[in-house]
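Notes for the structure review
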Amino acid sequence: MSLLPFRKTEVTAPPAGLAPFLAGASIEVMPRTAAAVPDFRPLLAPGTRVYIAHIDGTPIEDMVATARRLRDEGFEPMPHFPARLIASKAELADWISRYIAEAGVREALLLGGGLSAPKGDFDNSMQMMESGLFAGFRRLHVAGHPEGNRDIDPDGSDRMVMEALRWKQAFSERSDAEMAIATQFCFESAPVIAWAERLAAEGIAFPIHIGVAGPAKLQTLLKFAIACGVGPSLRVLQRRARDVTKLMLPFEPDQVLGELAAHRAAHPGFGIEAVHIFPLGGIKTSAEWLSARTSSQNG
């Protein structure tokens, strides 16, 4: 992701209630994108949780150095632990010990990872959780897919995904760690609301940290959405692509977030606790959008 200048966009007021809904929002970086940012302090609120994506081929040294840098600048690093990228239980133990000793990491996102086949002992996040190696962590997040995941359920159902979430719910009840679901990004509120209600009906009580794409060119979002398997909410982008008056303007997540904020205001038990931003159009662009939406005058 390149650091793009913050573009002028459609002049519209943020939806009512958006600022409190965005309180505590997190953002995601990779070591190579973080390296292009001289200092995160002018961009992000102190204490912001920053996920560090671990892409295949990224040296653990770069991951740990990024976590240490974020810690030193006053943020809460949450590195990804992708199960299928980890060669062995010994390697997982080494990663964990280095994160703790060198960067004070006590939070992690556990996920299967993007590989079709595992490199070693782990095929899924549940196996890592069962290892006992995360016993000292205060917070563990797991992946969620409001529109399903065809890598896990090729038939288009959500049978395996739901089975895994039920297992993780049971694990959370015997773990001291705080747990939550961090989701894939989506572009429409209705599937998210239906999915959150389905989880509650199934007894899955994790708080949800809903993923959204930060401001980006439409072409960029379409590319990432297709690559990441975003489901029916992709139609929001496809409809916009047909509107030539909006084709060159960056797409922003205000509408979907405004609708989710309104739903939570009307239904206080709604499971979304926080927002997670995927800065697909650049870290600076997303950070400036977030700052503009959470300033006091936009409450």
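**Topic: the overall build of the protein**
The helix and strand tally for the protein stands at 11 helices and eight strands. When the 299 residues of the protein are sorted by exposure, 50% land in the buried category. In the protein, the share of contacts with a sequence separation of at least 24, taken over all contacts with a separation of at least 6, comes to 80%. Counting only carbon and sulfur atoms, one obtains 54% of the accessible surface of the protein, whose full area is about 13500 Å².

**Examining the packing of helix α7 (residues 189-201) against helix α10 (residues 254-266)**
Put simply, α7 and α10 touch, their axes get as near as 9 Å, and they point 40 degrees apart. For the element pair α7 and α10, the recorded crossing hand is right-handed. Each of S189, V192, I193 and E197 in α7 lies in contact with α10, whose residues at this interface are V256, E259, L260 and H263.

**Considering the nonpolar core**
As a rule of thumb, soluble globular proteins bury nonpolar side chains together. By size, the foremost hydrophobic cluster in this structure holds 67 residues, and its most contacted members are F81 and F134. Excluding anything up to four places from it in sequence, F134 contacts F81, L92, I96, A108, L110, M128 and L140. Counting eight residues, the second-largest nonpolar core is a separate cluster that includes F187, A216, L221 and L280.

**Section: helix α11 (residues 283-294)**
With 12 residues, α11 ought to run about 16 Å at 1.5 Å a step, and its terminal C-alpha atoms sit 16 Å apart, in line with that. Taken as a whole, α11 has its buried residues at I283, T285, S286, A287, W289, L290 and R293. Contacts made by the buried residues of α11 are with α1 (18-21), β1 (26-29), α2 (31-35), α10 and β8 (272-278).

**Some details on the pattern of salt bridges**
In this structure the tally under the stated criterion is 18 salt bridges. The closest approach of N and O atoms between E107 and R138, which form a salt bridge, is 3.7 Å. Taken as a pair, E107 in strand β4 (residues 107-111) and R138 in the loop between α5 (125-130) and β5 (139-144) lie far apart in primary sequence, 31 residues in all. You can call E107 buried: its relative accessible area is 5%. We classify R138 as partly exposed; its relative accessible area is 41%. A salt bridge links E288 to K284, with the shortest nitrogen-to-oxygen separation between them at 2.7 Å. Pair noted here: E288 and K284 are both in helix α11, with a separation of four residues, about one helical turn. The partly exposed category is assigned to E288, whose relative accessible area is 25%.

**Structural notes on the side chain of H54**
Following the sequence through the fold, H54 ends up in the loop between β2 (49-52) and α3 (60-72). According to the relative accessible area criterion, H54 is buried, its value standing at 7%. Looking at H54, its side chain comes within polar contact range of the main-chain oxygen of T58, at 3.1 Å. Beyond its immediate stretch of four places on either side in the chain, H54 contacts I60, M63, H80, P82, L85 and W95.

**Here we look at the sheet that holds strand β3 (residues 76-82)**
Pairing in this closed barrel of eight strands is parallel, and the strands run β1-β2-β3-β4-β5-β6-β7-β8 around the ring. Direction aside, neighbouring strands of the sheet carry axes that sit 30 degrees apart on average. Note: β2 against β3, four bridges, orientation parallel. By the bridge assignment, Y51 is partnered in β3 with M78. Relative to strand β7 (residues 208-213), α7 is tilted by about 160 degrees, and along the sheet it contacts β5, β6 (178-185), β7 and β8.

**What about the packing of α3 against helix α4 (residues 89-103)?**
For the pair α3 and α4, interaxial distance at closest approach is 9 Å and the crossing angle is 30 degrees. Considering the angle they form, α3 stands roughly parallel to α4. Of the two possible hands of crossing, α3 and α4 adopt the one that is right-handed. Here I60, E61, M63, V64, A67, R68 and R71 of α3 lie close against α4, whose contacting residues are W95, R98, Y99, E102 and A103.

**A look at the packing of aromatic side chains**
For the structure shown, the criterion picks out eight aromatic pairs. Centroid distance F81 to W95: 6.4 Å. Interplanar angle 45 degrees. Geometry classified as tilted. One end of the pair, F81, is in strand β3; the other, W95, is in helix α4, and 14 residues separate them in sequence. Residue classification places W95 among the buried positions, given a relative accessible area of 6%. Consider the rings of F187 and F251, whose centres lie 5.9 Å apart with planes at 75 degrees: the pair is edge-to-face.

What counts and what doesn't
All residue numbers refer to position in the chain's written sequence, counted from 1. Side-chain atom pairs in this predicted model are given and counted only at pLDDT of 80 or more, local residue features only at pLDDT of at least 70, and totals for whole chains, interfaces and linings cover all residues. The basis for every side-chain value is the complete set of heavy atoms in the structure, and neither hydrogens nor water enter the calculation. Each helix corresponds to a stretch of at least 4 residues labelled H or I by DSSP, and each strand to a stretch of at least 2 residues labelled E; elements are numbered beginning at the N terminus. Partly exposed residues are those whose accessible area sits between 20% and 50% of the maximum for their type, while under 20% is buried and over 50% is exposed, using a 1.4 Å probe and protein chains only. In what follows, residue pairs with any heavy atoms lying within 4.5 Å of each other are defined as contacts. The Shrake-Rupley method, run with a 1.4 Å probe sphere, supplies the accessible areas, and residue values consider only the shown protein chains as cover. Helix axes use the C-alpha atoms of the stretch in contact, all axes being lines fitted to C-alpha atoms, and the angles between their N-to-C directions lie in the range 0 to 180 degrees. It is the rotation of the near helix from the far one that decides the hand of a crossing: anticlockwise by less than a right angle makes it left-handed, clockwise makes it right-handed. Only buried Ala, Val, Leu, Ile, Met, Phe, Trp, Tyr and Cys residues count toward a nonpolar core, and they belong to the same one when joined by side-chain atoms within 4.5 Å. In this analysis, the expected span of each helix is defined as 1.5 Å times one less than the number of residues it contains. A pairing counts as a salt bridge when a side-chain nitrogen of Lys or Arg comes within 4 Å of a carboxyl oxygen of Asp or Glu. Two N or O atoms count as a polar contact when they lie within 3.5 Å, although within protein this holds only if one can serve as hydrogen donor and the other as acceptor, and sequence-adjacent residues are included solely when both atoms are side-chain atoms. Here, any two strands with at least 2 DSSP bridges between them count as paired. Each angle is binned into one of four classes, with values under 35 degrees roughly parallel, values over 145 roughly antiparallel, values of 65 to 115 roughly perpendicular, and all other values oblique. To pair, rings of Phe, Tyr and Trp, with the six-membered ring standing in for Trp, must have centres within 6.5 Å; the planes then decide the type, stacked if under 30 degrees apart, edge-to-face if over 60, and tilted in the middle.

Function cannot be read off these values alone, since they describe shape.
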